[in-house]
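# Results of the structural survey
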Amino acid sequence: MADTLVAGDEVIVVGAGVVGIAIALHLRLAGLAVTLLDRGEPAMETSYGNAGAFAISDVIPLAEPGVLRKVPGWMLDPLGPLALRWRYLPSLLPWLLRFLAASRPSRVASLTAELSALLGRVNSDYAALIAQAGLGAMWRRHGNLTLYRNQQEFDAALPAWEEKRRHGVQWQALSRTQLQEQEPLLAEEWQYAVRVPDWSHVDDPYTFSRGLFDAFIRAGGRFVQDEVLATVEGNGRVSGVATASHGRLSAAATVIACGVWSDRFTRQHRYRVPLESERGYHVNLPQAGVRLHHFIQCASESFVILPMAGGGLRLAGTVELAHRDAAPDWRRAHILLDKARRIVGDFSTADMTVWMGNRPSLPDTLPIIGPAPQQPGLWFATGHGHLGLTLAATTAALLGDLLQGRAPALDMQPYRLQRF
């Protein structure tokens, strides 16, 4: 049974991405003494360049039924929506085998229910943190649009949308006329769309994450920029961490929330966690000159358009499975430009930048949230894949309940580390 923390107890959170920041802020507001650690600046890794979405409708796991027949295509098309680099296949094989196992229809059904349990509370969990940080103006609660070229594309997607509706996702089908009323700039090629009104986004995920971090500091939290070398033990429990420059830091609870780099700590404690990098790319166009009202998803092309303040755009999407230290394939970013022009027409590429980030992916799409087995004092919050920004506040709320001895409002068994 995990210890119960009370106000004033020391907590260390390792990892200052949006998940770690949200956990640190939530625990600090609950009265705990929180130290947030990261070797770099807050929100400068994966949280810097994500698509900025609170993707509450993504309840179906990546390993959907029929995924096996798609694997050869991933390996043959390096610029496809989901690509797998050949040279990393041996190291990725254990992950891929678990990914395929997760695609069994019965497993997908349970994973969908478990994802929807998390995603159904995202907006309510975020509301308190966003209010505390004064970030309400950045939270664009306009819904999103998923585009389809024709009736055939829409009909093919309809079973998935009906499954989402069964799991509480509210959506509306739009005709071309209705779509044009929502977004007049969209090209004639796109004849159908689905709108999810509860979907939301932020203008810039880095600015948003940094705003949560600033709120944590204002609330009395402590940030230490240092590399965490390992957890340390005392009296039969994890009692803190060893750092490169600050020596040993002690705490009643240590939370590992450093994304794909969490593997250092799973390996230290001999947990076999299949954590790999689900690499994502973006193109940032601050001077695009295109004003959109909604977050745009293109189903057939598997990419998104994030409207940013002042007519800027961020193009993001596609998944690349490769080692986190592999050199970026910048072609995967630049192909997004042509995709976007087929949706919103021409735009300016002045001051354009490209970026790649390592999203921490587990083969069943569910994050790990909870205590480490057989290691009192150690907790994990990692493996959120493409849902890190989306699930940060929910992860913080659930972990806060567990750390403080409260029973969360949902069954936490599906998210435990020992499922692997």
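None of these values were measured; they are calculated from a predicted model.

On to helix 5 (residues 122-133), then. Taking 1.5 Å of rise per residue, 12 residues should cover 16 Å, and helix 5 covers 17 Å from first to last C-alpha, within 8% of that figure. V122, N123, D125, Y126, L129, I130 and A133 are the residues of helix 5 that are buried. Seen end-on, helix 5 carries its buried residues on one side only, within an arc spanning 155 degrees. Pointing more than 90 degrees away from the buried face of helix 5 are the exposed residues S124, A128 and A131. G134 sits one or two residues past helix 5 and shows a positive phi near 70 degrees.

In contact at an axis separation of 8 Å, helix 1 (residues 18-29) and helix 11 (residues 388-403) are set at 40 degrees when each is read in the N-to-C sense. On the basis of the axis angle, helix 1 is oblique to helix 11. In the crossing of helix 1 with helix 11, the sense of the turn from one axis to the other is right-handed. Residues V18, V19, A22, I23, H26 and L27 of helix 1 lie in contact with helix 11, whose contacting residues are G388, L389, A392, A393, T395, A396, A397, L399, G400 and L403.

Taken in spatial order, the 3 strands of this open sheet run 11-12-13, and their pairing is antiparallel. Only two strands of the sheet have a single partner each, and these edge strands are strand 11 (228-234) and strand 13 (248-250). Neighbouring strand axes in the sheet, compared pairwise and without regard to direction, differ in orientation by 35 degrees on average. Relative to strand 12 (residues 237-243), strand 11 is paired through 6 bridges, and the arrangement is antiparallel. Across the sheet, the residue bridging to V232 is G240, located in strand 12.

By size, the foremost hydrophobic cluster in this structure holds 86 residues, and its most contacted members are V13, I23, F54, Y126, F208, L212 and V255. Residues contacting F54, with those up to four places away along its chain left out, are V122, Y126, I130, W139, W199, S200, H201, V202, F208, L389 and T390. A193, I343, V344 and M356 belong to the second-largest nonpolar core, a separate cluster that totals 27 residues.

Per the UniProt annotation, the sites labelled "transmembrane region" (unreviewed entry) are residues 12-37. Within residues 12-37, the helical portion is 46% and the strand portion 31%, while the C-alpha atoms at the span's ends are 7 Å from each other.

The next thing to look at is unusual backbone geometry. Of note in the backbone geometry, D351 takes a positive phi value of approximately 60 degrees without being a glycine. Relative to the assigned elements, D351 resides in the loop between helix 10 (331-344) and strand 19 (353-361). Phi is positive for Q374, close to 65 degrees, though the residue is something other than glycine. Locating Q374 in the fold gives a position in the loop between strand 20 (368-371) and strand 21 (378-382). Residue classification places Q374 among the exposed positions, given a relative accessible area of 74%.

What follows concerns the packing of aromatic side chains. Each aromatic ring pair is described using two quantities: the centre-to-centre distance and the angle formed by the ring planes. Under the defined criterion, the tally for this structure stands at 14 aromatic pairs. The interplanar angle of 15 degrees and the centroid separation of 5.8 Å between the aromatic rings of F154 and Y192 together place this pair among those described as stacked. With a gap of 38 residues between them, F154 in helix 6 (residues 151-166) and Y192 in strand 8 (residues 192-196) connect regions that are remote in the sequence. Taken together, the ring pairs in this structure connect F54, Y126, W139 and F208 into an aromatic cluster. Above the plane of the ring of W139 lies R141, whose end atom (NZ or CZ) is 4.0 Å from the centre. The cationic tip of K164 hangs over the ring face of W161; the distance from NZ or CZ to the ring centre is 4.4 Å.

Here the structure, examined in full by the defined rule, presents 24 salt bridges. Put simply, R149 and E301 hold a salt bridge, and the shortest N to O gap is 2.9 Å. Taken together, the residues span a long stretch of sequence, with R149 in the loop between strand 6 (144-148) and helix 6 and E301 in the loop between strand 16 (295-298) and strand 17 (303-308) at a distance of 152 residues. By relative accessible area, which is 14% here, E301 ends up buried. Beyond isolated ion pairs, a larger network of salt bridges with shared partners links R149, E153, E189, E301, K339 and R342.

Before going further, it helps to examine the pairing of strand 17. Within strand 17, 6 of the 6 residues are buried, which leaves the element mostly enclosed by the surrounding structure. The sheet contact formed by strand 16 and strand 17 spans 3 bridges and is antiparallel. Bridged to C298 within strand 17 is F303. Connecting strand 16 to the antiparallel partner strand 17 that follows it, the hairpin turn spans 4 residues, and S302 within it adopts a positive phi of roughly 55 degrees. Of the pairings in the sheet, the one linking strand 17 to strand 18 (residues 312-321) comprises 6 bridges and is antiparallel in character. Pairing of L306 across the sheet is with R314, part of strand 18. In this antiparallel pair of consecutive strands, strand 17 and strand 18, the connection spans 3 residues, and G310 shows a positive phi of 75 degrees.

Conventions and cut-offs
Residues numbered from 1 in each chain as written. Predicted model: local features only at pLDDT ≥ 70, side-chain atom pairs only at ≥ 80, totals over all residues. Heavy atoms only, no water. Helix = DSSP H or I, 4+ residues; strand = E, 2+ residues; numbered from the N terminus. Expected span 1.5 Å × (residues − 1). Buried < 20%, exposed > 50% of the residue type's maximum accessible area, 1.4 Å probe, protein only. Arc of directions from axis to C-beta. Axes fitted to C-alpha atoms, helices over the stretch in contact; angles between N-to-C directions. Parallel < 35°, antiparallel > 145°, perpendicular 65-115°, else oblique. Left-handed = near helix turned anticlockwise from the far one by under 90°. Contact = heavy atoms within 4.5 Å. Pairing = 2+ DSSP bridges. Core = buried A, V, L, I, M, F, W, Y, C linked by side-chain atoms within 4.5 Å. UniProt positions renumbered as here; feature names shortened; annotations may be inferred. Phe/Tyr/Trp six-rings, centres within 6.5 Å; stacked < 30°, edge-to-face > 60°. Lys NZ or Arg CZ within 6 Å of the ring centre and 35° of its normal. Salt bridge = Lys/Arg side-chain N within 4 Å of Asp/Glu carboxyl O.

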